[in-house]
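This is what each chain is made of:
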Amino acid sequence: RMSDLPTGWAWSTLGEVADVIAGPAFKSKEFVDSDQGVALLRGDNIEPGRLRWRGARAWPSEKLEGLDHLYVREGDVILAMDRPVVSAGLKLARVTPADTPALLVQRVARIRACNDFLPGYAYAVLQQGAFVAHLLGGQTGTQIPHVNLASIRRYQVPVPPLCEQRRIVAAIEEHF
């Protein structure tokens, strides 16, 4: 039940503890090869648990002005908004140093933990079956199932004190 949390924990929406945004629709006719600009983080680049850059497209170096807010950074959690759940699992990954620099595009959500919500804890919480069920329940479209930012932001997350988040993340990292 939503009320059953240990002492010191609280329920919050993902939108209250993280900055959840998606990028714009970049014009594909302006895409360039990855050596001529900054990689575009598209849904095709997201696999369950990792980002892959084979065949990545890029945005021209000369057109980057004003796009600083769209860069992803290490620790950001990335979710494919089109077909977020595939047979291999949830298309959710964390950005590593090797994944940067990259720009967020349309239908890709960047979930950046804020304040007292750790990126590693955010990633752990969003890999749970309850988040998958939430996404599946809010999908629209039949050809290409899609989730929207409002639905992602509404997801209820259990937020423990920072020391407990650190302990949980350490235990998960030790286990894997």
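Provided above is the structure to which this section pertains.
Residues numbered from 1 in each chain as written. Predicted model: local features only at pLDDT ≥ 70, side-chain atom pairs only at ≥ 80, totals over all residues. Heavy atoms only, no water.

## Looking at the overall build of the protein chain
Piece 1. Helix and strand counts for the protein chain stand at 5 helices and 14 strands.
Piece 2. What you see for the protein chain is a C-alpha radius of gyration of 17 Å, in line with the 16 Å of a compact globule of 176 residues.
Piece 3. Across its three principal directions, the C-alpha atoms of the protein chain cover 55 × 35 × 30 Å.
Piece 4. For the protein chain, with 176 residues in total, the buried portion stands at 43%.
Piece 5. Expressed as a percentage of contacts within the protein chain between residues at least 6 apart in sequence, the contacts between residues at least 24 apart total 77%.
Piece 6. For the protein chain, the distance from the average position of its 20 positive side-chain charges to the average position of its 19 negative side-chain charges is 6 Å. (Helix = DSSP H or I, 4+ residues; strand = E, 2+ residues; numbered from the N terminus. Rg over C-alpha atoms; globule rule 2.2 N^0.38 Å. Buried < 20%, exposed > 50% of the residue type's maximum accessible area, 1.4 Å probe, protein only. Contact = heavy atoms within 4.5 Å. Lys, Arg positive; Asp, Glu negative; His and termini not counted. Charge placed at Lys NZ, Arg CZ, Asp CG, Glu CD.)

## Notes on the side chain of Asp76
Piece 1. Tracing the chain through its elements places Asp76 in the loop between strand E7 (57-60) and strand E8 (77-80).
Piece 2. The residues touching Asp76, leaving out its near neighbours within four places in the chain, are Tyr71, Ala93, Arg94, Val95, Arg110, Ile111 and Arg112.

## Remarks on helix H2 (residues 119-126)
Along an α-helix, residues three or four positions apart point the same way, because every turn accommodates 3.6 residues.
Piece 1. Burial of H2 is extensive: 7 of the 8 residues sit out of reach of the surface.
Piece 2. The complete set of buried residues in H2 reads Gly120, Tyr121, Ala122, Tyr123, Ala124, Val125 and Leu126.

## Concerning the packing of H2 against helix H5 (residues 162-175)
Piece 1. One way to put it is that H2 packs onto H5 with a least axis distance of 9 Å and a crossing angle of 65°. Put simply, H2 runs roughly perpendicular to H5. Judged by the sense of rotation from one axis to the other, the crossing of H2 with H5 is left-handed. Across the interface between the two elements, Gly120, Tyr121 and Ala124 of H2 pack against Gln165, Ile168, Val169 and Ile172 of H5.
Piece 2. In terms of residue class, the contact of H2 with H5 is made up of 5 nonpolar, 2 polar and no charged. (Axes fitted to C-alpha atoms, helices over the stretch in contact; angles between N-to-C directions. Parallel < 35°, antiparallel > 145°, perpendicular 65-115°, else oblique. Left-handed = near helix turned anticlockwise from the far one by under 90°. Nonpolar A, V, L, I, M, F, W, Y, C, P; charged D, E, K, R; others polar.)

## A closer look at the pairing of strand E13 (residues 108-113)
Piece 1. The element E13 is extensively covered by neighbouring structure, given that 5 of its 6 residues are classed as buried.
Piece 2. Of the pairings in the sheet, the one linking strand E2 (residues 18-22) to E13 comprises 5 bridges and is antiparallel in character. Counterpart to Val20 in the pairing with E13 is Ile111.
Piece 3. Judged from the 4 bridges that link them, E8 and E13 form a sheet pairing that is antiparallel. (Pairing = 2+ DSSP bridges.)

Keep in mind that these numbers describe shape and distance, not what the molecule does.
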